[in-house]
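The residues making up each chain are set out below.
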Amino acid sequence: MGLNQQWMQRDLEVLWHPCTQMKDHEHLPLIPIKRGEGVWLEDFEGKRYLDAVSSWWVNVFGHANPRIGQRIKDQVDQLEHVILAGFSHQPVIELSERLVALTPDGLDRVFYADNGSSCIEVALKMSFHYWHNTGRPEKKRFVTLTNSYHGETIAAMSVGDVPLFTETYKALLLDTLKVPSPDCYHRPEGVSWEDHSRTMFAAMEQTLAEHHASISAVIIEPLIQGAGGMRMYHPVYLKLLREACDRYDVHLIHDEIAVGFGRTGTMFACEQAGIRPDFLCLSKALTGGYLPLAACLTTNQVYQAFYDDYPTLRAFLHSHSYTGNPLACAAALATLDIFAEDQVIEANKALATRMGSATAHLADHAHVGEIRQTGMALAIEMVKSRDGKLAYPWQERRGLKVFEHALSRGALLRPLGSVVYFLPPYVITPEQIDFLAEVASEGIDIATRDSVSVAVPADFHPDFRDPG
Ligand SMILES: Cc1ncc(COP(=O)(O)O)c(C=O)c1O
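Residues numbered from 1 in each chain as written. Predicted model: local features only at pLDDT ≥ 70, side-chain atom pairs only at ≥ 80, totals over all residues.

### Describing the environment of Leu291
Relative to the helices and strands, Leu291 is located in the loop between strand S11 (279-282) and strand S12 (294-298). Assessed through the 19 C-beta atoms surrounding it within 10 Å, Leu291 is described here as partly exposed. Along the sequence, Leu291 and Asn115 sit 176 residues apart, while their C-alpha atoms lie 9.4 Å from each other. The contact partners of Leu291, leaving out residues within four places of it in the chain, are Asn325, Leu327, Ala328 and Ala331. (Helix = DSSP H or I, 4+ residues; strand = E, 2+ residues; numbered from the N terminus. Buried ≥ 20, exposed ≤ 12 C-beta atoms within 10 Å, placed from the backbone. Contact = placed C-beta atoms within 7 Å.)

### Some thoughts on the packing of helix H3 (residues 66-76) against helix H11 (residues 326-341)
Between H3 and H11, the shortest axis-to-axis distance is 8 Å and the interhelical angle comes to 145°. Every pair of crossing elements has a handedness; the one defined by H3 and H11 is right-handed. Of H11, the residues touching H3 (which contributes Arg67, Ile68, Arg71, Ile72, Gln75 and Val76) are Pro326, Leu327, Ala330, Ala331, Leu333, Ala334, Thr335 and Ile338. The residue makeup of the contact of H3 with H11, split by class, is 10 nonpolar, 2 polar and 2 charged. (Axes fitted to C-alpha atoms, helices over the stretch in contact; angles between N-to-C directions. Left-handed = near helix turned anticlockwise from the far one by under 90°. Nonpolar A, V, L, I, M, F, W, Y, C, P; charged D, E, K, R; others polar.)

### Focus: the UniProt feature "binding site: substrate" (unreviewed entry) in the chain
Residues annotated in UniProt with the feature "binding site: substrate" (unreviewed entry) correspond here to Trp56, Tyr149, Lys284, Ser319 and Arg414. A maximum C-alpha distance of 33.5 Å shows the annotated residues, which cover 359 residues in sequence, to be distributed over more than one spot. Along the chain, Lys284 turns up in the loop between S11 and S12. Tracing the backbone through its elements, the reader meets Ser319 in the loop between helix H10 (300-304) and H11. Here Ser319 falls in the exposed class, since 12 other C-beta atoms lie within 10 Å of it. (UniProt positions renumbered as here; feature names shortened; annotations may be inferred.)

### Things to note about the site of the ligand
Looking at the ligand, there are 14 residues lining it, with Asn115, Gly116, Ser117, Gly151 and Ala258 nearest. Per element, the largest residue contribution to the shell around the ligand is 3 residues, and it comes from helix H5 (residues 116-133). By residue class, the composition of the shell around the ligand is 5 nonpolar, 7 polar and 2 charged. (Near = placed C-beta within 6 Å.)

Here you go:
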C-alpha cells in the first residue's frame, strides 16, 4: 500500500472533513499533503499540485514562505499567546496601527476575532449594540444580498443566501431582509456592468426607504460574491449603497474576508468605490494564509458609543480565547511587509492580465456561459447551453469532473458548482497561469462532453450549488 493510501486510511478512520460529504471518499481519493512550497503542494508520494485556490483563498505569498515563517519562529520564542483583556503585546499593537493606516480614513479601531465567521458575528453584534447604546433598539434587522455568503455560524448564515449552506438550518436563522444581488452574470444582453449594477440598486433603495427605521446594517461582499459562484458587479453599487446608508442612517458592513488584500486588484475592494464602510471585516489573507486571525475595523464614532462608566453596561463584552494571538499577528505583520516591500498590488496587474489572456480562448466554448474577472479572481461559468445561459443541474456535479481532471494533471482547482475559478497565490508565474488555463480547458472539455444521467427532482433549483 502506498504512503498516500496509508495516510488516507488513517484519516478516514478518525476525521470528519469540512464542507464534505464523507461518502464521496469511497471513490474520490483524499490527498494527504506532506509539504508545500510556493504555489505547490506535495503529497506523500512526491506528486505536486498547483494550488489555484490558495487553500480556500487564504494564501497570498505561497506555502512555506521563508519571510512569514521566520517572523513566526521569532515570535514563538518570545510570546506565543496572552489574554487580550487587560493585557496587550507588541505584535497586536503594531498590527492595529498598520491596519488603521492601510484602510480608508476613519476606520480607527480594530477588534479581533479568530476566523471570518466570528468576525461577521462581531460586526453584526457591534452594529446592533451601537443602536441599542444610542437609544434606538428598534434598529435590529440586517439587509443582505441574494447569493451572499458570510460564513457558517448562525448569524453569519442568517445574512447568507447560498441555499446549499443555509437551507437545512432555516428554522434557526435570524429574520433578515434580502435584496436581489447586482450580480452581472444575468444582466440583459448589451447592458454594461455599470448600468446593470446601477439598475439593480433600485431594489436596495426601496428596501432601505421602507424599512430603515428597523434596520441596523446592510452587509455585503464588495465586488465579488465568492462562495455564491464568484459572481461580480461594478463598484458603482458600493458608492450608491454608501450614499443611501448615510441618508437612511444605516450601517454599512463590508465583508472583505475573501476579497481584501489585493484579490480585486486594489488592496481593499472599497477603494474602487472611494468609500469607507462603517465596519470592515478582514481575515483569510490577513496572515498570508498561515494562521487564523480576523479583524473588524470600525470608526471612533461607533467606539465612543460603547465608551462609558462600567455600571452603564455599555461595553462590548464579546471575546474569543485566541483574540489577537501574537503568532497570528506576527504572520500578519510579515504579510503586510511583503505587500509593501514587493509592491505586490502593482506587480499583480501583469498576472491578472495574463489570467485573462490565458483563458480568453474559452469564451467561444460551447459550454462556457461567461468568463469574468475582477483583479486576481477569474471565473469561468460552465453552462448546459449558452442559449439563455442554461445552467447544468447541480446534481450532475460537472465541477467535480474538472476537479478530478485537474488533480490528475497536478493542479488543485476546486470549482463552485459549475464555476471553475482561479484565485491563486500572488507568487504564481505567468507560465504557471498558462498551465492552469490549459488544465482548466481540458477539464471543461471533459466535464461538458458527456451527458450525465442523474435524476433531477421536480423542485430543481439551478443555483443550489455543490462546492465540488
Ligand atoms: C466573504 C466571506 N465571509 C466570511 C467567510 C467565513 O470565513 P471563515 O471560513 O474563516 O469562517 C468566508 C469564507 O469563505 C467568506 O468568503
